[in-house]
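So you can see what is in the structure, the chains are spelled out below.
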Amino acid sequence: AQSVTQLDSQVPVFEEAPVELRCNYSSSVSVYLFWYVQYPNQGLQLLLKYLSGSTLVKGINGFEAEFNKSQTSFHLRKPSVHISDTAEYFCAVSNQGGKLIFGQGTELSVKP
Amino acid sequence: DTAVSQTPKYLVTQMGNDKSIKCEQNLGHDTMYWYKQDSKKFLKIMFSYNNKELIINETVPNRFSPKSPDKAHLNLHINSLELGDSAVYFCASSQVAEGVNTGELFFGEGSRLTVL
């Protein structure tokens, strides 16, 4: 069975600071990995995905993530955050069956 | 045009009532899902349909019954509503490409159900 652990439930940062949101997964088979963002009272929007190929993937809004198979991690990073990045971020994993399993979410709070 | 649309967006009802949430996608996807997001924002898959056929059915009470009249629509009917059913319900869709469903989901805006 697959599972996802997001290591931080809340991450407060100041505007223009770098940020890393941590995600670890467990799976006995090859996986696909995703990060989604949820702004208040909205649905989830795909930030980026790793399906295969280069382990460094770039997404929207200046975010990127690195797939590390040996450490079973898929941490999300941004070199300089904006107030508008304040949102809930979800890491998720699936296999070829199309069943997406989500982590518990990390609340990113960007302060001026 | 909204890719995945759900109605209603808000639903307030009394315990014991029956209610339905509707979902439509215009992306031409083969697979549709219902997810439940609880008050702690945890997202859990409930059901998945592929071309009108139920393919994922997690441990969900029998009071919840999904129906897919065609591959663009997936509705969720809930009988005898309980306080614990209060949550945000998200519809989503995905596509199978070359026999593989990566699980990349396109979400609706959610339907917030409040049971009093």
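Before reading on, note that the structure itself is shown above.
Definitions and cut-offs
Residues numbered from 1 in each chain as written. Chains lettered and ligands numbered in written order. Predicted model: local features only at pLDDT ≥ 70, side-chain atom pairs only at ≥ 80, totals over all residues. Heavy atoms only, no water. Helix = DSSP H or I, 4+ residues; strand = E, 2+ residues; numbered from the N terminus. Polar contact = N/O pair within 3.5 Å; in protein donor to acceptor, adjacent residues only side chain to side chain. Contact = heavy atoms within 4.5 Å. Pairing = 2+ DSSP bridges. Axes fitted to C-alpha atoms, helices over the stretch in contact; angles between N-to-C directions. Buried area = accessible area lost by both parts, 1.4 Å probe. Salt bridge = Lys/Arg side-chain N within 4 Å of Asp/Glu carboxyl O. Buried < 20%, exposed > 50% of the residue type's maximum accessible area, 1.4 Å probe, protein only.

Trainee: I tried to follow the side chain of Q38 of chain A on my own but got confused; where do I start?
Mentor: Locating Q38 of chain A in the fold gives a position in strand β5 (residues 32–38). Side-chain polar atoms of Q38 of chain A contact the backbone oxygen of Q42 of chain A, separated by 3.0 Å. Looking at Q38 of chain A, its side chain comes within polar contact range of the side chain of Q37 of chain B, at 2.9 Å. Apart from the residues within four sequence positions on either side, Q38 of chain A is in contact with G43, L44, A87, E88 and F90 of chain A together with Q37 and F90 of chain B.

Trainee: Is there a simple way to think about the sheet that holds strand β8 (residues 73–78) of chain B in this case?
Mentor: Strand pairing in a sheet relies on backbone hydrogen bonds, with the paired strands running either antiparallel or parallel. All names here are of chain B. Strand order across the open sheet formed by four strands is β1-β3-β8-β7, with antiparallel pairing between neighbours. Because the sheet does not close on itself, it has two edges, and the strands there are β1 (4–7) and β7 (64–70). With direction set aside, neighbouring strand axes in the sheet form an average angle of 20°. Examined bridge by bridge, β1 and strand β3 (residues 19–25) share four bridges and lie antiparallel to one another. Counterpart to V4 in the pairing with β3 is Q25.

Trainee: Please clarify how the interface of chain B and chain A should be interpreted in this entry.
Mentor: How large an interface is tends to be reported as the accessible area lost when its parts come together. The interface of chain B with chain A comprises 22 residues on the first partner and 23 residues on the second. Interface of chain B and chain A: buried area, both sides summed, is about 1,800 Å²; carbon and sulfur atoms make up 54% of it. The largest share of the area that chain B buries against chain A comes from L43, T102 and E104 of chain B, three residues that together contribute 26% of it. At the junction of chain B and chain A, the tally comes to three salt bridges. In this structure, K99 of chain A engages E58 of chain B in a salt bridge whose closest nitrogen and oxygen atoms are separated by 2.9 Å. Between the two partners, chain B and chain A, sit five residue pairs in polar contact (both at pLDDT 80 or more). Looking at the side of chain B that touches chain A, the elements that each hand over two or more residues are β4 (31–37) and β5 (43–50) of chain B. Ranked by residues supplied to the side of chain B that touches chain A, first place goes to β4 of chain B with three residues.

Trainee: Where do I start with unusual backbone geometry in this structure?
Mentor: Negative phi is the rule for most residues except glycine; trans is the rule for most peptide bonds. For the peptide bond that leads from T7 of chain B to P8 of chain B, omega is -5°, which places it in the cis range. Along the polypeptide, P8 of chain B turns up in the loop between β1 and β2 (10–13). In this structure, N41 of chain A is a non-glycine residue whose phi angle is positive, near 60°. Structurally, the position occupied by N41 of chain A is in the loop between β5 and β6 (44–50). Judged by relative accessible area, N41 of chain A falls into the exposed class, the value being 56%. You will see that N61 of chain A, though not glycine, has its phi angle at about 60°, which is positive. Inspection of the secondary structure puts N61 of chain A in the loop between β7 (56–58) and β8 (64–68).

Remember that the coordinates give geometry; whether it matters functionally is a separate question.
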